[in-house]
Structures are given as structure tokens and as C-alpha cells.
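# Fold and geometry: a report
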Amino acid sequence: MFETLTEKLDGALRKLRGQHRISEENTAEALNEVRTVLLDADVNLGVVTSFIETVRQKAAGREVVASVTPGQLIIKIIYDELVALMGSERSDITIAADIPSVIMVAGLQGSGKTTFSGKLANMLKAKGRQPLLVAADVYRPAAIDQLQSLGEQIGVPVFTLPGATAREIAKRAIPYAKENARDTVIIDTAGRLAIDEAMMQEVEDIKAFVKPHETLFVVDAMIGQDAVNTAKAFHDRLQYDGVVLTKLDGDTRGGAALSIRSVVGKPVKFVGTGEKMDALEPFHPDRMASRILGMGDIVSLVEKAQQTFDQKEAAKLQEKLVTSQFTLQDFYEQLQQVKKMGSMSQVLSMIPGASKLGNLNDVDEKELKYVEAIILSMTKEERANPSVINGSRRKRIAKGSGTTIQEVNKLLTQFAEMQKMMRNFTKGKSFARMMGQRLGR
Ligand SMILES: Nc1nc2c(ncn2[C@@H]2O[C@H](COP(=O)(O)OP(=O)(O)OP(=O)(O)O)[C@@H](O)[C@H]2O)c(=O)[nH]1
Ligand SMILES: [Mg+2]
């Protein structure tokens, strides 16, 4: 699901890769594209506008930490915002201590209410509950048959009263459940059009009459922008507790998942991903955001980098870079910072497209090990001031690190070049990026 959205976001952000600092200018274009993508995906205009503004504010002036490109950082910010937009935490349905606990299901015609009622009963049964399905759709005889056949399939009884009104059926189902040791009642109502006043009134009546512990609004994710309007129209009358987004297995743009929560203020609680009785998943905002971005790996990479790269260390380092006091000791410590994030090839493997660099990674890894061993074989004085390293010291260091004098020379030359390069920066760059440049990336 959401493939198009993912691809487009990726396309917009690709332009940001390779830039060192997030600025108004370099985000403006990407954010504009993100905006178009979200609008194309049927996300509500108001939601898109505030979303983009939040991301812009959070991204502005952000320094890019080690091993993270601005594009990746923006993806992380967008990801966090998407999660927040969809409700941050997973929210479950209320199961009351009362027997029975009552759940009412409402929504537009054909949205998947009856299917969802069956799926939910099936899920609750698997958790040890004793559900009772209630067929309160009296307008189409086939609707009752449909629920009965689903009930048979999952081994859950179905309550109905031929000739009674929906309200009566719902009301009578409660004592029936008690008498028959059913601890959870799921009321499936008739499909209605939001504009159909008589039917809206009926569902409102059922709710007032039965006082369900949980009222769920079922909406077809394929209807796009309309999902938000419908969700709002139903909420005005029903004040439901949560939303069920169905047909996410189809070719849907996903706009509904993004906007319903922020427009109506109620969480999506489940997603339907197929016609079968087991095709129901609890809704996880974080997983959905990862899926939308299709870049879960980048998110974890950025999180890892932010955790391991100490901000104070970074400030200290920057100071040193500006005043050209960067020593081999600092170099070594930076190397350890990068290593905390995993091996160089591991870090690279989390970046989409980096695999194209092929076995370059292995070479770098080895080279880094040599660099480390060489620095470790130096004295404190040598690390602080490499100019004291004369011929005999070079020989000793090579021997101590199991390398050759040539390799020691190579490192010292590279380090001298690096120092020179650093002097040219007014602001410090991260070691990882320096390494990236040195290694020709
Ligand atoms: N692919 C897919 N199809 C679904 C899903 N949920 C429901 N359907 C299908 O959508 C159609 C309508 O589902 P119903 O459960 O009958 O919808 P309803 O809201 O009860 O419809 P009415 O009672 O007529 O208002 C059926 O063909 C279902 O099999 C889903 O998550 N994925
Ligand atoms: Mg139905």
C-alpha cells in the first residue's frame, strides 16, 4: 500500500541528499513536493498545510549529525510528524468490565461494517472472549444472511429478531447476551449515506438507547478525500470513539489514514486488509508512517546516529576544528563514534542505494582498522603533535600496529591534508562526511 506516496516522497527528498545543512532554501523545494504528494494522496488541505509548516519549523537550521544527510534527517522529521498526525500511540478499543461489553459499528454503505464485525468477533474470540454478533441491519434480508454466514464460519452466534426494528434488536441483544454467557456484543448496523437524515437518526437513536462502551466508525480507505468528510459528518452525529479503515489492501492512496485523526480527533484503531476473516490488523501509527515512507531503515539509522553522537562532544569538536586544534586523538575518538553506530558497511547498508557501491565497503572497513591500529600505537604526544613523528618513531609505530612504514606515512599525509582542509572550513563538518570525501564518496 501507499507505494506511490513513498516513491514520490523519495523523489522529492533525493534532491536534498549531499547537502550539509538544512536551510530554508534547500527544504523549500522538497517540502513543496511533499505537499503535492500529500494533496495527491487525498490528504485534507488543512492537514497538509499545518503538517508542512510543522516540518519546516522543525527542520530549519538543524545541524546534520554524523553520517546523516539532510534528506535523511528530513525523512526522520516527516516520519515523526506522520506518527504524531496519526495519533502517536496505538489506541485499543474499550472492553468494559460490564457483562456484556457493547461495541457498535456504523458507517457508509458498503464500507465493510459487516465484514469488520465478523473479523472483530473472530479476533476477540481468539483472545478468549465470548462474542455475540448482532444483526441490526433490517433493511436488506441478505444483510442478516451475510452476518449469519460469517458467524458460522468463525463459530460465533448471531442474534437477530425477524420483523423488529434495529433499535429493538440492539436493545434485546443485551439481555440475550447475558443469559447466554456472551461477554461482548458487536452490533452491526445498516449502511447509510451521510446525507440520509432518517438513517442517521436511526443510528443515533441506537447509540442513545444501547449506550455502547465503544462506537466504531468504519470507512473505506479507497474513497480518498471523501473519507474525511464522511468521518466528520458521522462524528457530528455519533461522537464515535474510533475509526476502522478498510480495504487498505487495495490500490489506495492512504490520504484517509493521514487526515481523519487530525480532522476528527479520533484515532484509527483497526485496518482491514482483505476480505477474509483474519485480515484485520490493529492500527500502529509508527508502522503506518514507516510504511508510508517505505524507509524504516533510514529512520532507525537516524535514531541510532542521534543517540550515539553526543551533542556536547560535537560542540567541543567543532570548537577544535575552527581553531585548528584537531589532533590524531580527536580523529581516533571520532572513529569510535562512527563505530558505535555499527560497522562502516552496516551503516552504509542502511542507506538506500548504497549497496550499489558494491565491495568498496570491505576495503574501507579494512582501511579503518589499519588507521585505528596505527593511532593506537602512538604515544599521547605523537597523537597531539604528529610533527614529532620522525623515522625511528614511524618504524616503531608500524611494528606496533602490524602495518608497514608506508601505511603509517599514508595516514600521516592524509591527516595533514585533512587538517589543512579543516582550516578552510569556517564551520566544522562531521568526521563521517570528511571520511566520505576522503574515501571518494
Ligand atoms: N479487499 C477488501 N475487501 C473488503 C474489506 N472489508 C470489506 N471488504 C469487502 O467489501 C464489500 C462490502 O463489505 P461489507 O462488510 O458487506 O460492507 P457493509 O458496510 O456491511 O455494507 P452494507 O451493509 O451494505 O452497508 C464486501 O465485498 C467485502 O468482502 C477489506 O478490508 N479488504
Ligand atoms: Mg453490512
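Residues numbered from 1 in each chain as written. Chains lettered and ligands numbered in written order. Predicted model: local features only at pLDDT ≥ 70, side-chain atom pairs only at ≥ 80, totals over all residues.

## Concerning the overall build of the protein chain
The secondary structure content of the protein chain amounts to 20 helices and eight strands. By residue count, 42% of the 441 residues in the protein chain fall in the buried class. Here the contacts in the protein chain between residues at least 6 apart in sequence split such that 76% fall between residues at least 24 apart. (Helix = DSSP H or I, 4+ residues; strand = E, 2+ residues; numbered from the N terminus. Buried ≥ 20, exposed ≤ 12 C-beta atoms within 10 Å, placed from the backbone. Contact = placed C-beta atoms within 7 Å.)

## Remarks on the pairing of strand E4 (residues 184–189)
Taking burial as the measure, the six residues of E4 include six buried ones, the bulk of the element. Alternating residues of E4 divide into Thr184, Ile186 and Asp188 and Val185, Ile187 and Thr189, and every residue in both groups is buried. Pairing between strand E1 (residues 101–107) and E4: five bridges, direction parallel. Bridge pairing links Val105 to Asp188 in E4. Note: strand E2 (residues 131–136) against E4, six bridges, orientation parallel. Paired with Ala136 across the strands is Thr189, a residue of E4. (Pairing = 2+ DSSP bridges.)

## Notes on the packing of helix H7 (residues 166–179) against helix H8 (residues 197–210)
Interhelical geometry of H7 versus H8 gives an angle of 25 degrees and a closest axis separation of 9 Å. Considering the angle they form, H7 stands roughly parallel to H8. Handedness of the crossing formed by H7 with H8: right-handed. Counted together, Ala166, Arg167, Ala170, Lys171 and Ile174 of H7 and Glu202, Asp205, Ile206, Phe209 and Val210 of H8 form the full contact between these two elements. (Axes fitted to C-alpha atoms, helices over the stretch in contact; angles between N-to-C directions. Parallel < 35°, antiparallel > 145°, perpendicular 65-115°, else oblique. Left-handed = near helix turned anticlockwise from the far one by under 90°.)

## Section: the confidence of the model for the protein chain
The predicted model of the protein chain averages 78 in pLDDT, with 69% of residues at 70 or higher. Summarising per-element confidence for the protein chain, the mean pLDDT is lowest in helix H20 (residues 431–438) (43) and highest in strand E3 (residues 158–159) (97). Counting contacts from residues 1–5, a segment whose pLDDT is below 50, to residues more than four positions away or on other chains yields 13 contacts. Note that residues 348–361 has pLDDT below 50 and, in this model, ten contacts with residues that lie over four places away or in other chains. (pLDDT = per-residue confidence, 0-100.)

## Side note on helix H9 (residues 225–238)
The first and last C-alpha atoms of H9 sit 20 Å apart over 14 residues, in line with the 20 Å expected at 1.5 Å per residue. Of the positions making up H9, those classed as buried are Ala227, Val228, Thr230, Ala231 and Phe234. Looking straight down H9, one finds its buried side chains confined to an arc of 165 degrees; they lie on one side. Phi turns positive, to about 45 degrees, at Gln239, one or two residues after H9. (Expected span 1.5 Å × (residues − 1). Arc of directions from axis to C-beta.)

## Brief notes about unusual backbone geometry
Omega for the peptide link from Ile99 to Pro100 comes to -10 degrees, which places this bond in the cis form. The backbone of Lys211 shows a phi angle near 50 degrees, a positive value even though the residue is not glycine. Its place among the elements puts Lys211 in the loop between H8 and strand E5 (214–220). A residue is classified by how many C-beta atoms lie within 10 Å of it, and Lys211, with 11 of them, is exposed. The residue Lys247 is not glycine, and still its phi comes out positive at about 60 degrees. Mapped onto the fold, Lys247 is located in the loop between strand E6 (242–246) and helix H10 (255–264).

## Considerations on H8
Along its 14 residues, H8 runs 20 Å from first to last C-alpha, staying within 8% of the 20 Å computed at 1.5 Å per residue. Inspection of H8 places Glu202, Val203, Ile206, Lys207 and Val210 among the buried residues, and these make up the whole buried set. Along the axis of H8, the buried residues cluster in a sector spanning 135 degrees; they form a single face. Residues of H8 that are exposed and point over 90 degrees away from its buried face: Glu197, Ala198, Gln201 and Ala208.

## Details of the environment of Asn229
Tracing the backbone shows Asn229 in helix H9. As a C-alpha pair, Asn229 and Val263 span 34 residues in sequence and 9.2 Å in three-dimensional space.

## As for the nonpolar core
Core analysis: the biggest nonpolar cluster contains 82 residues, and Leu133, Val134, Ala173, Val185, Ile187 and Leu245 have the highest contact counts within it. In terms of residues, this core owes the most to one element, helix H4 (residues 70–85), which gives nine residues. One finds Leu328, Phe331, Val371 and Ile397 within the second-largest nonpolar core, a separate group that totals nine residues. (Core = buried A, V, L, I, M, F, W, Y, C linked by C-beta atoms within 7 Å.)

## With respect to the pairing of E1
Extensive coverage of E1 is indicated by the burial of seven of its seven residues. Burial along E1 is two-sided: Ser101, Ile103, Val105 and Gly107 facing one way and Val102, Met104 and Ala106 facing the other are all buried. Sheet analysis places E1 next to E5, joined by five bridges and oriented parallel. Across the sheet, the residue bridging to Val105 is Leu216, located in E5.

## Comments concerning the sheet that holds strand E8 (residues 280–282)
Here we have eight strands laid out as an open sheet, ordered E3-E2-E4-E1-E5-E6-E7-E8, and mixed in their pairing. Two strands lie at the open edges of the sheet, namely E3 and E8, each paired on one side alone. The sheet contacts of helix H6 (residues 141–154) involve E2, E3 and E4, and relative to E2 the element is tilted by about 165 degrees. The strands touched by H9 within the sheet are E1, E5 and E6, with E5 carrying the most contacts at an inclination of about 160 degrees.

## Some thoughts on the environment of Pro212
Note that Pro212 resides in the loop between H8 and E5. For Pro212, a count of 24 C-beta atoms within 10 Å gives the class buried. The spacing of Pro212 and Val102 is 110 residues in sequence and 4.8 Å in space, taken between C-alpha atoms. Residues in contact with Pro212, not counting those within four places in the same chain, are Val102, Ile103, Met104, Ile187 and Lys207.

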